[in-house]
Amino acid sequence: VGAGATWPSHMWVEDMGAYTRSSDGQINEGEGKRYQAPTASAPVTTTPVKTYKSTWKASSSRSWRDGVITPGDLQQGYYPPAKRFSMATWMNANSTGSETNKNLINALKGASISRMEVYLKNLSWYYGSGGQALIGHHDMDYLPDTPQTSGGGAFSSGNWTTGAGRWITLPPSWYDNFASGDYRGITLGEGAGTSMTYYGHFSNLASDLQLRVTYSK
């Protein structure tokens, strides 16, 4: 054959139908797997955190003079011959302000508390120059026949003038206890001894005896 010679060729293709595997007699549809794009994940949604400032007016209050219930103003301190002591609670009150119509425990459930304050309205002090309020906590969901103390947990709020109304910030260590219901209200006069500096009267009106809480959830 000389260089550069070409030879024509021919090819025939015959359709024999579906091919069956010899091993199982099944139609061979190929061993590959169909590609499927991954399913897009649903976006994660979160409820935005909101900050509230809600207020509760006292649902009840009571004052004692040497362990005997005394009607009228809330008294604290010593005036001869008796010691005076008072309690107030907000457990049966509903909120006003940022979040309305909730009791204290429901409003603070799952919340982060940044500030808790109590409002008191003074009516008189023994000394004309003023006095000091002694504020404690109690765990009673009702007002007892005899006063309850916080076991030495009271703190002093000083520099009061006669007739002043004031918001007093409560200790942060109390916040979770109020939220859980372990603390139910405040006391006045715990640890006053016989010093006349602490003898004073406060209004027992619900509007003059309030709890205000700033919280987020």
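Treat the numbers as computed from the prediction; the structure is a model and nothing was measured. (Residues numbered from 1 in each chain as written. Predicted model: local features only at pLDDT ≥ 70, side-chain atom pairs only at ≥ 80, totals over all residues. Heavy atoms only, no water.)

*Asks:* When you look at the overall build of the chain in this model, what are you seeing that I'm missing?
*Replies:* When you go through the chain residue by residue, the secondary structure sums to two helices and 13 strands. As displayed, the chain has an accessible area near 13,200 Å², and 49% of this comes from carbon and sulfur atoms. (Helix = DSSP H or I, 4+ residues; strand = E, 2+ residues; numbered from the N terminus. Areas by Shrake-Rupley, 256 points an atom, 1.4 Å probe, with all protein chains shown as cover.)

*Asks:* What should I look at first to understand the environment of Tyr 52 in this one?
*Replies:* If you trace the backbone, Tyr 52 turns up in strand β1 (residues 51-57). A relative accessible area of 14% means that Tyr 52 is categorised as buried. Residues Tyr 52 and Thr 214, 162 residues apart in the sequence, show an inter-C-alpha distance of 5.6 Å. Every residue in contact with Tyr 52, bar those within four places of it in the chain, is listed here: Ser 98, Glu 99, Val 213, Thr 214, Tyr 215 and Lys 217. (Buried < 20%, exposed > 50% of the residue type's maximum accessible area, 1.4 Å probe, protein only. Contact = heavy atoms within 4.5 Å.)

*Asks:* I keep staring at the nonpolar core and nothing clicks. Help me out?
*Replies:* The nonpolar side chains of soluble globular proteins are, as a tendency, buried together. Counting residues in each nonpolar core, the largest one holds 36 residues, and the members touching the most others are Met 116, Leu 120, Ile 135, Leu 170, Val 213 and Tyr 215. Those elements giving two or more residues to this core turn out to be β1, α1 (104-108), β7 (112-125), β8 (131-138), β9 (155-160), α2 (175-180), β11 (185-188) and β13 (209-216). Element by element, the count of residues in this core is highest for β7, at five residues. Not counting residues up to four positions away in its chain, the partners in contact with Leu 170 are Met 116, Glu 117, Val 118, Ile 135, Phe 155, Tyr 175, Phe 178 and Leu 211. Within the second largest apolar cluster, five residues are counted, among which are Trp 64, Phe 85, Met 87 and Leu 143. (Core = buried A, V, L, I, M, F, W, Y, C linked by side-chain atoms within 4.5 Å.)

*Asks:* Please explain the pattern of salt bridges as it appears in this structure.
*Replies:* Using the criterion set out here, one finds four salt bridges in the structure. A salt bridge links Lys 217 to Glu 99; the nearest nitrogen and oxygen atoms lie 3.3 Å apart. Note that Lys 217 is positioned in the segment after β13 and Glu 99 in the loop between β6 (96-97) and α1, a separation of 118 residues in sequence. Looking at Glu 99, the relative accessible area reads 9%, which means it is buried. Two residues, Arg 115 and Glu 117, come together in a salt bridge whose shortest N-O distance is 3.3 Å. (Salt bridge = Lys/Arg side-chain N within 4 Å of Asp/Glu carboxyl O.)

*Asks:* Explanation requested: unusual backbone geometry in the structure shown.
*Replies:* Of all residues except glycine, most have a negative phi; of all peptide bonds, most are trans. Here the residue pair Pro 80 and Pro 81 is connected by a cis peptide bond, since its omega of 5° sits within 30 degrees of zero. For Pro 81, the position within the fold is in the loop between β4 (74-79) and β5 (82-89). One non-glycine residue, Asn 101, lies in positive phi territory at about 60°. On the secondary structure map, Asn 101 appears in the loop between β6 and α1.

*Asks:* Please clarify how the packing of aromatic side chains should be interpreted in this entry.
*Replies:* Aromatic ring pairs: the centre-centre distance and the angle between the two ring planes describe each pair. In total, this model carries 11 aromatic pairs according to the counting rule given. When the centroid spacing of 5.2 Å and the interplanar angle of 55° are considered together, the rings of Tyr 119 and Trp 167 count as tilted. Taken together, the positions of Tyr 119 in strand β7 and Trp 167 in strand β10 (residues 165-169) put the pair 48 residues apart, joining distant regions of the chain. Look at Tyr 119 and you get buried, because its relative accessible area is 17%. (Phe/Tyr/Trp six-rings, centres within 6.5 Å; stacked < 30°, edge-to-face > 60°.)

*Asks:* What exactly am I supposed to notice about a nonpolar patch on the surface here?
*Replies:* A cluster of nonpolar side chains, Tyr 79, Tyr 126 and Tyr 127, forms an exposed patch at the surface whose accessible area comes to about 300 Å². Residue position: Tyr 126 is located in the loop between β7 and β8. (Patch = residues over 30% accessible without salt bridge, like charges linked within 9 Å, V, L, I, M, F, W, Y side chains within 5 Å.)

*Asks:* Mind showing me how you'd approach the environment of Asp 73 here?
*Replies:* Topologically, Asp 73 is positioned in the loop between β3 (68-70) and β4. Residue classification places Asp 73 among the partly exposed residues on the basis of a relative accessible area of 30%. Apart from the residues within four sequence positions on either side, Asp 73 is in contact with Ser 63, Leu 123, His 201, Phe 202 and Asn 204.

*Asks:* Just checking my understanding: could you explain the side chain of Ser 95 for this structure?
*Replies:* Positionally, Ser 95 belongs in the loop between β5 and β6. In this structure the side chain of Ser 95 is engaged in a polar contact, spanning 2.6 Å, whose partner is the backbone oxygen of Glu 99. Each residue touching Ser 95, except ones within four places of it in the same chain, is listed here: Ser 54, Thr 55, Trp 56, Thr 100, Asn 101 and Lys 102. (Polar contact = N/O pair within 3.5 Å; in protein donor to acceptor, adjacent residues only side chain to side chain.)

*Asks:* Just checking my understanding: could you explain the environment of Gln 76 for this structure?
*Replies:* Tracing the backbone shows Gln 76 in strand β4. The contact partners of Gln 76, leaving out residues within four places of it in the chain, are Arg 84, Phe 85, Trp 125, Gln 132, Ala 133, Leu 134, Leu 188, Gly 189, Tyr 198, Tyr 199, Gly 200 and Phe 202. Among the polar contacts listed, one links the side chain of Gln 76 to the backbone oxygen of Gln 132, at a separation of 2.8 Å. A polar contact of 3.5 Å, which involves the side chain of Gln 76, links it to the backbone nitrogen of Gly 189.

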